[in-house]
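Observations on the model geometry
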Amino acid sequence: MNDLELFPYPKNRLQKTDLDLAASLQDLVQKEIVDKRLELKEDYQGLLRPNLDKLLVEVGLQRMFWPEDLGGEEHNGPEAAYTVAAALEQVGRADTGLAYLAAHNLALQAALAMRENLDREACARFAPLFCDGRGPMIVSFILPVFGEDEKAPAWRGKSFQVKARSASGGWVLEGKGIRPTCSGADATLFGAWCAVEGEEAPAFILVPGDAPGLSRGPEFKKTGLAASRNADLDLSGVEVPAENCLFRGDLEYRRLLSWFYLGITATTVGGLLAAYQILKEWGDNRVIKGTGNIFKENPLTGALMGEIAQDISMSRLLAYDLAGMLADPSSFGDAGSDMVYTSALMIVHQVLATAERALHRTMELMASAGYAKEWQLERYWRDLKTVQCYVGSHELAKHDFSRWFYGARTL
Amino acid sequence: MRGIDVFSRPLEYLTPLGEQVGEIIREWVEKEVIPYRRGFDEDYLEHRLIHPPFKKLLGEYGIQRILFPEDLGGWGLGHSEYLCVAAFRMFEEIARADSGMAVAFGVVFWPLVLICCEPHVNRRLCEEFAPMFMTNEPVFSCLAMTEPQGGSDIENVEVLKGSTIRTVAVRDGDEWVINGHKLWPTNTGGVADLMGVVCTTNPGSRNPEDIAIIFVPADAPGVTQGPAYEKAGMAADKNGDIWFENVRVPLWYRACGPGDDAKYYGEIVSMGNMGSIAFAVGVMLNIYEKLQEYVNRKTYRGMPLKENDAVAGVLADFATTIEAVRIIGYQCARMCDRQDLYGPRWSPEVVARARAHRYFAADRALEAIGKVMNLMECFGPDRDWDVEKHWRDIKMVQLWLGGKQLSQMEVARWFFECETL
Ligand SMILES: Cc1cc2nc3c(=O)[nH]c(=O)nc-3n(C[C@H](O)[C@H](O)[C@H](O)COP(=O)(O)OP(=O)(O)OC[C@H]3O[C@@H](n4cnc5c(N)ncnc54)[C@H](O)[C@@H]3O)c2cc1C
Ligand SMILES: Cc1cc2nc3c(=O)[nH]c(=O)nc-3n(C[C@H](O)[C@H](O)[C@H](O)COP(=O)(O)OP(=O)(O)OC[C@H]3O[C@@H](n4cnc5c(N)ncnc54)[C@H](O)[C@@H]3O)c2cc1C
């Protein structure tokens with residue numbers, strides 16, 4: 001039995017194409033990434049970047065949602081949520097950072113090209129970038145963050161990083177020291193949730209990476225996610241056409257986030273499955289408490305290994321539960337509805353917190369080997385912690401939960 | 001802004017010497033370490049940035065001499081009832097800048113405890129090795145326990161009694177001939193000048209008299225150190241392989257003698273655990289400084305971030321963790337110092353308490369720092385805020401010294417009188 005199949009998930013709800021995609025991704029990443037991990041480490045140029053091309057362009061993850069007549073695969077019904085989960089798990093197992101980038105790409109596709117809310121004009125404009133086979137679209141988001149100016153326009157308490165004003169049929173964007181969610185150094189397309197001058201409703205505006213007036217700072221060092229080469233940005237009088245504004249409403253913004261959180265949840269599960277495989281090898285071979293006592297047979301370490309498997313298993317089920325909610329809007333409501341959005345936010349935080357604990361435990365069980373780069377475990381520990389921080393403060397996300405469950409109004 | 005000195009310490013334990021050296025170290029870290037530490041990760045192999053500050057602290061300030069008797073050029077701290085409290089303060093101050101450096105610093109003294117501290121001063125070995133340390137160049141020691149097949153079993157002396165040690169010391173006339181392979185000791189990877197090596201004189205034996213801790217100068221023929229490993233953190237501590245191939249040292253290089261090496265090994269464990277708590281505290285003190293800057297500077301809902309009640313809850317938990325862990329750490333140090341009150345620091349009782357204090361401290365610190373990183377959102381994992389580095393570094397404090405689970409077993413064994421764990 002494929003050891004990943006030990007962790008149950010609702011296979012019966014996945015289509016054959018999803019299962020086939022997962023199986024071929026599993027083989028591909030095993031050969032191209034997992035088996036070469038030791039040799040190439042977290043080397044972005046050598047190992048990760050060519051594989052990003054392969055996953056997004058050759059396998060075609062970046063064509064998934066777009067209409068067929070625009071070069072896409074038009075796999076754009078809500079059931080694509082299962083495809084996203086099944087694919088990103090596999091990519092996340094190989095490299096959390098690559099899956100994190102792919103989660104951005106897929107969330108943007110879902111926001112633009114989902115069958116029910118398909119924005120034909122926007123699709124016609126942007127699909128070619130994703131479907132013309134020229135290269136990977138590295139998508140990054142610019143979302144509100146803790147600010148440094150108490151009076152700056154804010155979204156739910158956090159400051160917008162970009163201000164937009166409409167001018168002669170287009171938009172002019174301004175912002176300084178912007179920190180995007182990934183890839184500030186090399187993203188090809190940014191999606192920014194912007195404050196709009198003189199208006200209540202914010203706007204989600206796409207900014208091509210090569211837009212005049214967009215400048216990128218140096219790549220900065222961070223805990224993990226080597227595939228995301230992040231850097232701060234400045235936007236100074238960046239002009240984009242009116243059509244680059246994809247939406248103005250809460251509902252659409254949350255829809256984007258719900259799909260994004262699904263991608264991140266699946267990415268996290270992938271990282272956990274990788275940790276499982278590494279720990280399994282350790283547990284099968286390491287000896288403690290003297291000759292002949294195999295690690296996994298020790299009552300204490302065996303129990304902890306069991307707990308880690310429990311954490312992974314529950315996380316995988318939650319990921320597919322979220323996919324199930326997104327896949328069935330007639331039962332659960334729109335992906336941008338309060339209930340689905342809140343659930344997505346709860347699940348992504350729950351799974352990331354569980355992953356943090358499980359990775360801490362796995363490191364404990366492997367002691368120095370867990371801490372050594374050679375064993376390739378610690379990178380998942382660093383990567384998933386980085387993802388957790390980028391998803392945002394768990395403490396403040398709890399206010400969203402309270403708004404939904406208790407009707408809190410001012411939080 | 002309130003500084004790091006707001007956190008509780010049992011003032012009645014402190015010593016003028018420890019405090020004075022603590023102040024000197026504080027100045028040193030601010031000038032010589034903190035401005036450079038963001039480059040340490042990439043410097044793990046060469047130590048181009050890490051070596052110069054050590055030269056100043058250990059060599060030029062002469063702190064590497066402190067354990068040796070005064071008449072041999074040392075400061076005589078081996079005889080002091082305040083050794084551990086003073087060490088705690090020093091470790092905290094260094095770890096505030098870099099806990100990898102604090103470990104490397106602490107381990108300079110670790111094997112020397114066996115020969116410099118009452119009641120088991122080995123005068124002849126003090127005389128032999130003191131001159132090595134009386135120089136302006138930094139001198140490093142290491143204590144080599146861990147082997148490829150496992151570190152925990154070697155540390156699990158009470159149950160396994162040295163039976164898994166594969167580094168063998170065979171007596172040949174008036175010399176030991178040592179053969180074996182060690183992994184991971186702090187200050188290896190080419191750094192160590194003097195090694196304390198945990199050996200067996202009779203492979204497979206469960207007789208504590210066969211456990212021998214033998215000093216080996218790093219330049220003895222037959223000693224080879226491999227390059228430093230690449231790790232998740234703690235770049236300022238180099239760890240690597242050491243191979244011993246027919247290495248010959250005089251018989252009297254054995255630290256304490258048959259039976260006593262195994263017995264006083266417990267002291268090494270207690271003091272290692274005590275130091276580990278200080279590393280966790282030092283790291284948290286620096287994160288407190290960084291976090292203050294962050295929550296004052298950043299805004300949320302039109303106010304400084306810290307003025308949000310939910311955020312303040314996280315801040316309070318962090319401050320509470322520092323308060324509690326620091327008090328526990330100083331108590332652990334005091335316990336190791338006042339053997340007249342608490343019993344010998346090599347006793348299973350003190351070892352178990354020190355292990356309990358350390359694993360509690362490490363668990364709390366990691367949990368608390370993890371929450372701080374999350375509160376800092378995308379700046380939490382950002383190298384320029386320094387918090388993530390501490391998070392990566394301090395994880396090791398939970399993993400070494402036989403790992404967390406061995407600590408749990410030793411604590412249960414003592415408090416519940418378990419016999420087979
Ligand atoms: C930065 C750093 C500094 C270090 N410094 C030193 C040093 O100065 N000197 C030195 O000798 N070593 C040093 N080490 C090595 C470290 O002390 C060992 O890694 C540690 O003791 C655990 O040994 P191990 O890695 O071989 O794991 P193993 O012994 O294989 O143990 C693996 C895990 O098994 C579990 N376990 C072990 N025994 C039991 C038991 N009886 N019951 C239940 N569970 C158990 C624990 O979870 C443990 O973490 C250092 C390592 C690092 C990374
Ligand atoms: C066995 C027992 C013995 C007691 N003995 C005494 C006694 O001797 N004398 C006496 O006067 N009282 C006594 N009390 C009462 C006890 O001290 C009060 O219950 C307690 O102070 C909380 O007050 P409250 O129950 O009115 O809750 P509230 O004041 O209504 O508070 C409810 C909860 O709200 C939250 N909260 C409150 N303020 C804030 C804030 N500013 N920010 C965020 N959250 C907040 C806290 O979680 C709090 O627990 C006793 C209670 C018990 C059960």
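It should be emphasised that the depicted structure is a prediction, and the values quoted were computed from it without experimental measurement.

**Brief notes about the overall build of chain A**
Along its length, chain A carries 12 helices and 10 strands. At 21 Å, chain A has a C-alpha radius of gyration in line with the 22 Å of a compact globule built from 411 residues. Projected onto its principal axes, the C-alpha positions of chain A cover 80 × 45 × 45 Å. A total accessible area of about 15000 Å² is found for chain A, and carbon and sulfur atoms account for 50% of it. Distance between charge centres in chain A, computed from 43 positive and 55 negative side chains, equals 4 Å.

**Considerations on the confidence of the model for chain B**
The pLDDT averaged across chain B works out to 97; a share of 100% of its residues lies at or above 70. The ipTM value of the predicted complex is 0.97, and its pTM value is 0.97.

**Concerning the pairing of strand β4 (residues 194–200) of chain B**
Residues and elements named next belong to chain B. The buried fraction of β4 amounts to seven of the seven residues, a majority that puts the element mostly inside the structure. Bridge count for strand β1 (residues 141–144) against β4 is four bridges, and the pairing is parallel. For leucine 143, the partnering residue across the bridge sits in β4 and is glycine 196.

**So, a nonpolar patch on the surface**
Residue and element names in this part refer to chain A. On the surface, Phe332, Met339, Trp404, Phe405 and Tyr406 cluster together into a nonpolar patch covering about 550 Å² of accessible area. Broken down by element, the nonpolar patch gets its largest block of residues, three residues, from helix α12 (residues 394–406). Residue placement: tryptophan 404 occurs in helix α12. For tryptophan 404, a relative accessible area of 36% translates into the label partly exposed.

**A closer look at the nonpolar core**
With 297 residues, the main nonpolar core has A:Leu173, A:Trp259 and B:Val216 as its most contacted residues. Counting residues per element, this core draws most heavily on helix α9 (residues 260–297) of chain B, at 20 residues. Those residues in contact with A:Trp259 that lie beyond four places of it in its chain are A:Phe65, A:Pro78, A:Ala80, A:Ala81, A:Val84, A:Ala107, A:Ala110, A:Met114, A:Leu326 and A:Ala335.

**Notes on the domain arrangement of chain B**
Residue and element names in this part refer to chain B. Segmenting chain B into domains produces domain 1 (4–138), domain 2 (142–258) and domain 3 (261–415). Placing the centre of domain 1 and that of domain 3 at their C-alpha centroids yields a distance of 20 Å. Listed by partner, the interface residues are 36 residues for domain 1 and 44 residues for domain 3. When the buried surface of domain 1 facing domain 3 is broken down by residue, Phe7, Arg38 and Phe88 rank first, second and third, together holding 20% of it. For the pair domain 1 and domain 3, the number of links is nine salt bridges. Residues arginine 392 and aspartate 41 are paired through a salt bridge, measuring 2.9 Å at the closest nitrogen-oxygen approach.

**Thoughts on the site of ligand 1**
Within the structure, ligand 1 sits among 37 residues, and A:Arg286, A:Ser368, B:Gly151, B:Ser152 and B:Gln405 are positioned closest to it. Residues lining ligand 1 come from chains A and B. One of the backbone nitrogen or oxygen atoms of B:Gly402 is found 2.8 Å away from an oxygen atom of ligand 1. Here ligand 1 loses 98% of its free accessible area of 960 Å² to cover by the protein chains. It is helix α10 (residues 338–371) of chain A that contributes the most residues to the shell around ligand 1, five residues altogether.

**Some details on the interface of chain B and chain A**
Contact with chain B, which involves 54 residues of that partner, is made by 50 residues of chain A. The contact between chain B and chain A buries some 4600 Å² in all, and 58% of this surface belongs to carbon and sulfur atoms. When the area that chain B buries against chain A is broken down by residue, the three leading residues are B:Asn374, B:Glu377 and B:Trp391, summing to 14%. Connecting chain B to chain A are four salt bridges. Two residues, A:Lys158 and B:Glu377, come together in a salt bridge whose shortest N-O distance is 2.7 Å. Among the secondary structure elements, those contributing two or more residues to the side of chain B that touches chain A are α9, β8 (299–300), β9 (303–304), α10 (309–337), α12 (348–375), α13 (387–399) and α14 (403–415) of chain B. The element contributing the most residues to the side of chain B that touches chain A is α13(B), with eight residues. Looking at the side of chain B that touches chain A, its residues break down into 24 nonpolar, 15 polar and 15 charged.

**Observations concerning the state of the cysteines**
This structure, assessed with the given rule, holds zero disulfides over all chains. No disulfide involves A:Cys182; its sulfur sits 12 Å from that of B:Cys378, the nearest cysteine. Free of any disulfide, B:Cys336 has its nearest cysteine sulfur in B:Cys332, 4.7 Å distant.

**Some remarks on the side chain of A:Ser140**
Counting through the fold element by element, A:Ser140 comes out in strand β1 (residues 139–142). The residues contacting A:Ser140, other than those within four sequence positions of it, are A:His104, A:Pro180, A:Thr181, A:Cys182, A:Ala187, A:Leu189, A:Phe190 and A:Gly191.

**Overview of the domain arrangement of chain A**
Residues and elements named next belong to chain A. When its domains are assigned, chain A resolves into domain 1 (3–136), domain 2 (141–247) and domain 3 (250–406). The C-alpha centroid of domain 3 is placed 29 Å from the C-alpha centroid of domain 2. The interface is formed by 19 residues belonging to domain 2 together with 16 residues belonging to domain 3. Both faces considered, domain 2 and domain 3 share a buried interface measuring about 1500 Å² in area, 70% of it formed by carbon and sulfur atoms.

**A look at the side chain of A:His75**
Residues and elements named next belong to chain A. For histidine 75, the location among the structural elements is in the loop between α3 (44–58) and α4 (80–94). Relative accessible area serves as the criterion here: at 18%, histidine 75 is assigned to the buried category. A polar side-chain atom of histidine 75 sits 2.6 Å from a polar atom in the side chain of threonine 83. The residues touching histidine 75, leaving out its near neighbours within four places in the chain, are Gln15, Asp18, Met64, Phe65, Ala80 and Thr83.

**A few points about the packing of aromatic side chains**
Within this structure, the stated rule accounts for 36 aromatic pairs over all chains. For the pair B:Phe105 and B:Phe109, a centre-to-centre distance of 5.2 Å together with 75 degrees between the ring planes defines the contact as edge-to-face. Of this pair, B:Phe105 and B:Phe109 both sit in helix α4 (residues 99–109), four residues apart, roughly one helical turn. In this structure, B:Phe105 and B:Phe109 share a single accessibility class: buried. An aromatic cluster is defined as three or more aromatic residues linked by ring pairs; in this entry it consists of A:Phe141, A:Trp155, A:Phe160, A:Trp193, A:Phe204, A:Phe247, A:Tyr253, A:Phe260, A:Tyr261 and A:Tyr341.

Analysis parameters
Residues numbered from 1 in each chain as written. Chains lettered and ligands numbered in written order. Predicted model: local features only at pLDDT ≥ 70, side-chain atom pairs only at ≥ 80, totals over all residues. Heavy atoms only, no water. Helix = DSSP H or I, 4+ residues; strand = E, 2+ residues; numbered from the N terminus. Rg over C-alpha atoms; globule rule 2.2 N^0.38 Å. Areas by Shrake-Rupley, 256 points an atom, 1.4 Å probe, with all protein chains shown as cover. Lys, Arg positive; Asp, Glu negative; His and termini not counted. Charge placed at Lys NZ, Arg CZ, Asp CG, Glu CD. pLDDT = per-residue confidence, 0-100. Buried < 20%, exposed > 50% of the residue type's maximum accessible area, 1.4 Å probe, protein only. Pairing = 2+ DSSP bridges. Patch = residues over 30% accessible without salt bridge, like charges linked within 9 Å, V, L, I, M, F, W, Y side chains within 5 Å. Salt bridge = Lys/Arg side-chain N within 4 Å of Asp/Glu carboxyl O. Core = buried A, V, L, I, M, F, W, Y, C linked by side-chain atoms within 4.5 Å. Contact = heavy atoms within 4.5 Å. Domains from an automatic or database assignment. Buried area = accessible area lost by both parts, 1.4 Å probe. Near = heavy atom within 4 Å. Polar contact = N/O pair within 3.5 Å; in protein donor to acceptor, adjacent residues only side chain to side chain. Nonpolar A, V, L, I, M, F, W, Y, C, P; charged D, E, K, R; others polar. Disulfide = S-S within 2.5 Å. Phe/Tyr/Trp six-rings, centres within 6.5 Å; stacked < 30°, edge-to-face > 60°.

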